[in-house]
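# Report on the structure
Here is what each chain is made of, one letter per residue.
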Amino acid sequence: MTQVSKKVESHFDRKYREFDAFYREKKGFFSRMIDAVFRRSMQLRFEKVIAGAAPYKKRSVLDVGCGTGRYSVALALKGIKRALGIDFASNMIDAANDLARHLNVHHICQFMKADFMAIDFAETFDHVFAMGVLDYVEHPVPLVRKMVDLAERSVMISFPSKKGIVQRFRKQLFRKVKKCPVFFYSNEDVRQIAHQGGAKKFTIDILAKDYFLTIYSGKKDTEGTE
Ligand SMILES: C[S@@+](CC[C@H](N)C(=O)[O-])C[C@H]1O[C@@H](n2cnc3c(N)ncnc32)[C@H](O)[C@@H]1O
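Description of the structure in this document.

What counts and how
What you see as residue numbers is a count from 1 along each chain, following the sequence as written. Per-residue local features of the predicted model are confined to residues with pLDDT of at least 70, and side-chain atom pairs are confined, for both listing and counting, to 80 or more; whole-chain, interface and lining totals are unaffected and use all residues. Elements are defined by DSSP. Helices are runs of H or I of four residues or more, strands are runs of E of two residues or more, and each kind is numbered from the N terminus. Within these notes, the globule rule equals 2.2 Å times the number of residues to the 0.38 power, and the radius of gyration is based on C-alpha atoms. Each residue is classed by its C-beta neighbour count within 10 Å, where at least 20 other C-beta atoms makes it buried, 12 or fewer makes it exposed, and intermediate counts make it partly exposed; the C-beta atoms are placed from backbone geometry. Placing a C-beta atom from the backbone of each residue, we mark the residue near a molecule or strand if the atom is within 6 Å of it. Amino acids outside the nonpolar list (Ala, Val, Leu, Ile, Met, Phe, Trp, Tyr, Cys, Pro) and the charged list (Asp, Glu, Lys, Arg) are all regarded as polar, and Gly is one of them. Pairing between strands requires that DSSP locate at least two bridges from one strand to the other. As a rule, the C-alpha atoms of each element are fitted with a line to give its axis, helices using only the stretch in contact, and angles between N-to-C directions run from 0 to 180 degrees. What counts as a contact is two residues whose backbone-derived C-beta atoms lie within 7 Å of each other. Angles are sorted into four bins: roughly parallel if under 35 degrees, roughly antiparallel if over 145, roughly perpendicular if 65 to 115, and oblique for all others. The nonpolar core is taken to be a set of buried Ala, Val, Leu, Ile, Met, Phe, Trp, Tyr and Cys residues joined by way of C-beta atoms within 7 Å. We call a crossover right-handed when, viewed with the strands running away from us, the connection from the first strand over the helix to the second turns clockwise.

### A look at the overall build of the protein
When helices and strands are counted, the protein shows 8 helices and 7 strands. The C-alpha atoms of the protein give 17 Å as radius of gyration, which agrees with the globular expectation for 226 residues (17 Å, within 12%). With the C-alpha coordinates aligned to their principal axes, the bounding extent of the protein is approximately 45 × 40 × 35 Å. Buried positions account for 39% of the 226 residues belonging to the protein.

### With respect to the site of the ligand
As a structural note, the neighbourhood of the ligand is formed by 22 residues, with G65, G67, A89, F116 and G132 the closest of them. For the shell around the ligand, the secondary-structure elements that each account for two or more residues are α1 (3-20) and β2 (82-87). At 5 residues, the largest contribution of residues to the shell around the ligand is made by α1. Each residue belonging to the shell around the ligand can be placed in one class, and the counts come to 14 nonpolar, 4 polar and 4 charged.

### Side note on the environment of T2
Examined against the element boundaries, T2 turns out to sit in the segment before α1. Accessibility expressed as a C-beta count within 10 Å gives 13 for T2, which makes it partly exposed. Counting along the chain gives 136 residues from T2 to E138, while the straight-line C-alpha distance between them is 9.2 Å.

### Digging into the sheet that holds strand β5 (residues 151-160)
Pairing between sheet strands relies on hydrogen bonds along the backbone, with the strands arranged either parallel or antiparallel. Pairing within the open sheet is mixed, and its 7 strands lie in the order β3-β2-β1-β4-β5-β7-β6. Strands with a single pairing partner mark the edges of an open sheet, and in this sheet they are β3 (109-113) and β6 (201-207). Between one strand and the next, the sheet's axes are offset by a mean angle of 15°, whatever the strand orientation. In this sheet, β3 lies alongside β2 in parallel orientation, the contact comprising 5 bridges. Of the residues in β3, the one forming a bridge with G85 is F111. On top of the sheet, helix α5 (residues 90-102) reaches β2 and β3; it is set at about 165° to β3, its chief contact.

### Focus on the packing of α1 against α5
If you want to describe how two helices pack, look at the angle between their axes and the distance between the axes. Two elements in contact, α1 and α5, have axes separated by 7 Å at closest approach and are oriented at 40°. Considering their axes alone, α1 and α5 lie oblique with respect to each other. For the pair α1 and α5, the contacting residues are F12, D13, Y16 and D20 in the first and S90, N91, M92 and A95 in the second.

### Here's the deal with the nonpolar core
Residues V64, F129 and I157 are the most contacted members of the largest nonpolar core, which totals 56 residues. In terms of residue count, α5 provides more of this core than any other element does, 6 residues in total. If we ignore the near neighbours within four places in the chain, the residues touching V64 are I86, F116, V128, F129, A130, V133 and M147.

### Describing the environment of T124
Summarising the element assignment, T124 is placed in the loop between β3 and β4 (125-130). Residues T124 and A151 lie 27 residues apart in sequence; the distance between their C-alpha atoms is 6.0 Å. Sequence-distant contacts of T124, that is, excluding residues within four places in its chain, are made with L150 and E152.

### Details of the pairing of β2
Along β2, 5 of the 6 residues are buried, which leaves the element largely enclosed by surrounding structure. In terms of strand pairing, strand β1 (residues 60-64) meets β2 through 5 bridges, oriented parallel. The residue of β2 that forms the bridge with D63 is G85. As a crossover connection, the stretch from β1 through helix α4 (residues 70-78) into β2 is right-handed. Regarding topology, α5 serves as the crossover connection from β2 to the parallel β3, and that connection is right-handed.

What follows is the structure in structure tokens.
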């Protein structure tokens, strides 16, 4: 593991509960205001992944940097066949397993503590996604290439935009206060990363403060037939 990965792992091992608070339903006024201003993209990308993985029946997903498993569990509840979530922060994986058991989808969701880049996969997946992960990745191209290789239908990835005062604040906060490396991207950066990662057909949408990259694998169609 690189020095950057070790710092990111340790950050999320410590902050897993704070991170997951975004998904919890009961929130006070202050938290809701913070979400509306700073975390709008988290909500939008969640909705886009859930919509992008439809139709769910017989589909499999790989959730790279799965955190507390919110995406995999939501997709399991929608009816997908299999979800594999990978995260190198153990507390994230423990929380993901607890959530899957609590919602009775633990037979569909498997969560594994590992560095995504270190795993040799013996299977491919219909959809492969990484949400809120590229913020913490020093070398994005090899990671995107690996995701492209593993996807039969689509790859979905969020990239935090370089633009805006909120992003500059976040950069200082993470680097100086939280001591966690964080990376930002321009639209052109995302385009270059997609090309270099082996994407032939892709779109980039702007979702609040994120770029949302969808790569169409072209191995199986993405419109719903099997
Ligand atoms: C901000 S959290 C996002 C969690 C989840 N995707 C979500 O949106 O709810 C980013 C997660 O990516 C994980 N991560 C970053 N790089 C990783 C890598 N190379 N392998 C496995 N996990 C990684 C971190 O440990 C962290 O839990």
